[in-house]
Amino acid sequence: MSYQRFTSRLSQEEHNFYEIKNAAADFYRVNRVPEQIERALNELFLHKPRDVHGYLANYFTKLSTPPRISRLKAREVYDARGQLTIEAVVFCIISCEEQSMSTAAISSHFGPRETSLDWKAQSKERAEHVTTAVQWVNGLLNKMLKDQNPCDQSEVDLILSNFLMARYLEEKDIQFREKEESRSPSESDVALPFPTPAQTKDKKTADKGKKSNTAEKPFRQPETPEPVLRGSLAIGSVSLALAKTGAQIQGIPLYKYIAALQNREAQTKFHIPVSLVTLLSCGKTSPGKLSLLEEVILIPKVGQRVRQIITIALELQKEMMRIMNTSTKAGVTQGILCDSGAPAVSYERAEQPLDLITEACSNLGLALGTEIHLAVNCAAPELMDYSKGKYEIATGVLKFPDELLDMYQALISKYPAVVALIDPFRREDTEQWEKLSNVIGDSCSLLSDITYKPQASPLPGVRGHILRHMNETTVSDLIRITSEQQGAVLMGTTSNEPCSDDSLSDIAVGLGLDYIKLGGLSGAERMTKYNQLISIEEELAQQGMLVSKEKHPPPLFYENLQEQAAAAKPEQTQLTKT
């Protein structure tokens, strides 16, 4: 009987049902459903699992279509300092269902610090940045990344970077047109010069009857700060959220996922970056007159576990507080917590906090200069008084760049346990960077914070760089920068870190960095990251994947230079060798 004669004898209902059965059979055959079910049942019988349905669910999950980004969402949240920032959320279609995969929030920076802006103006500017970032994520970026593979980090980061460049060019064109429209025909095209230093006498630093040679040197104008595009915070947040999503999809920790992105293959051995702990602060916001030592940082003995480092740092801080409370050192008045999570103490001279640490180490039996060393974050660019062309290292105490250089030289000579200076000058004082490196380079490394100028040319004498994950920096950018400057990058945090995000620890381990600077030992935003480091370290040890380095790697320590310094200064051998 022909198909036509057979179907003609069926009722309409039977005919429809027959057509559906044929369509279903074709659908199953095309998608090989019977074969997969038969194979699944064979595997099920072979393994005889206790959870039959769970086994089948896992089996068919492996056959499902790879996850794709379904949408992005951003919302305004508050960071550790109570300031607005954004949190990015990634949603993916997995096994035919939309799932919220991961969230991420990174540090924010909205241009150079402008003391002329009051807090209301700063809050308004920040709110505009955050609002724009939220609009980007919920609007254009949501459409552009829809249906993208969340595990293709380089591709999604390229889309993010291209989007940012397009917005930057648009903003630049708008600013140019506004400038042209506001310019009058008689207006000169010559730019106004930067204020030159006032030619005043400095009675504290100049001898009577002698002219100060440093005052005659031309004052270099500050470099033009790299613009921070309004809304750029969206780029870094989405990139990190997608990296966390990719790690979750592949079922591996974020640090292993980032290591695989960097090395193009699964890594079998990892080391934990040495934790540089901020012990105290005598910076610009500290209660005392001294402003030069923004952070005095503990460099622990190599090979110590994170728990050991934290224990030593806490004991050292407790002993320092005991000494300050008993006022055994002149000049100590009070101690409060600064933004970096360390005690901000009141001092007048740079020697006083270093003397305090020296005494505390002696009381605890810690060999300062052998078991532990120190680094100093000077944050000198923030201390420049541009009207005078001098650094205000303490209230009412101003020094020309060359005078500050002499001060550093004397300080390192007196305290050889200090093996690194971070940002001792502003970038424009290249001559002083080079001179200082030539003078103390055998025993002390110079480091520069490149967070706000990642594309800038390297400074003379600089051996390493501080890098923070902020604003438009993508995960691919971090991989590129650390690969290009192998062994010369330290991962650092900012004072306005998101409270609950511990991704920075994973990033530092995954990138294979040798040092990480997380700040002091207080505040949820910092201790969360320290705890994550401990967790990663314990996990790697259990898996037999943890390796330790026998000596401090660059950029803080150079063995040959240390040996030269020891040979030149035999009386300081015990304090300078690593």
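Figured I'd write up the structure that's included with this text. Because the structure is predicted, anything quoted here is derived from the model rather than measured.

Rules of the game
- Residues numbered from 1 in each chain as written.
- Predicted model: local features only at pLDDT ≥ 70, side-chain atom pairs only at ≥ 80, totals over all residues.
- Heavy atoms only, no water.
- Pairing = 2+ DSSP bridges.
- Helix = DSSP H or I, 4+ residues; strand = E, 2+ residues; numbered from the N terminus.
- Axes fitted to C-alpha atoms, helices over the stretch in contact; angles between N-to-C directions.
- Contact = heavy atoms within 4.5 Å.
- Buried < 20%, exposed > 50% of the residue type's maximum accessible area, 1.4 Å probe, protein only.
- Phe/Tyr/Trp six-rings, centres within 6.5 Å; stacked < 30°, edge-to-face > 60°.
- Lys NZ or Arg CZ within 6 Å of the ring centre and 35° of its normal.

### Concerning the sheet that holds strand β1 (residues 68-78)
Then, number 1: Across the sheet, three strands lie side by side as β1-β2-β3; this open sheet has antiparallel pairing. Edge positions in the open sheet fall to β1 and β3 (97-104), since each of these has one partner strand only. The mean angle between the axes of side-by-side strands here comes to 25°, regardless of whether they run parallel or antiparallel.
Then, number 2: On top of the sheet, helix α5 (residues 119-145) reaches β1 and β2 (84-94); it is set at about 170° to β1, its chief contact.
Then, number 3: Sheet strands in contact with helix α8 (residues 233-250) are β1, β2 and β3, and its direction is about 120° off that of β3.

### Focus on unusual backbone geometry
Then, number 1: Put simply, P554 and P555 share a cis peptide bond, and its omega is 10°.
Then, number 2: Checked against the element boundaries, P555 lands in the loop between α16 (524-542) and α17 (559-568).
Then, number 3: The backbone phi angle of C96 is positive, close to 70°, even though this residue is not glycine.
Then, number 4: Position of C96 among the secondary structure elements: in the loop between β2 and β3.
Then, number 5: Owing to a relative accessible area of 77%, C96 belongs among the exposed residues under this scheme.

### Thoughts on the packing of aromatic side chains
Then, number 1: Counting across every chain of the model gives seven aromatic pairs.
Then, number 2: Aromatic side chains W136 and F163 sit 5.2 Å apart centroid to centroid with 90° between the ring planes, which places their arrangement in the edge-to-face category. Of this pair, W136 sits in helix α5 while F163 sits in helix α6 (residues 153-182), and the two are 27 residues apart along the sequence.
Then, number 3: A relative accessible area of 12% places W136 in the buried class.
Then, number 4: On the basis of relative accessibility, which here comes to 3%, the residue F163 falls in the buried class.
Then, number 5: Between F425 and W433, the ring centres sit 6.3 Å apart and the planes meet at 65°, which makes this aromatic pair edge-to-face. Note on accessibility: F425 and W433 belong to one class, buried.
Then, number 6: One aromatic cluster in this structure is built from Y391, Y408, F425 and W433.
Then, number 7: Positioned above the aromatic ring of F91 is the side chain of R71, whose terminal nitrogen or guanidinium carbon lies 3.8 Å from the ring centre.

Nothing here speaks to function; it is all geometry.
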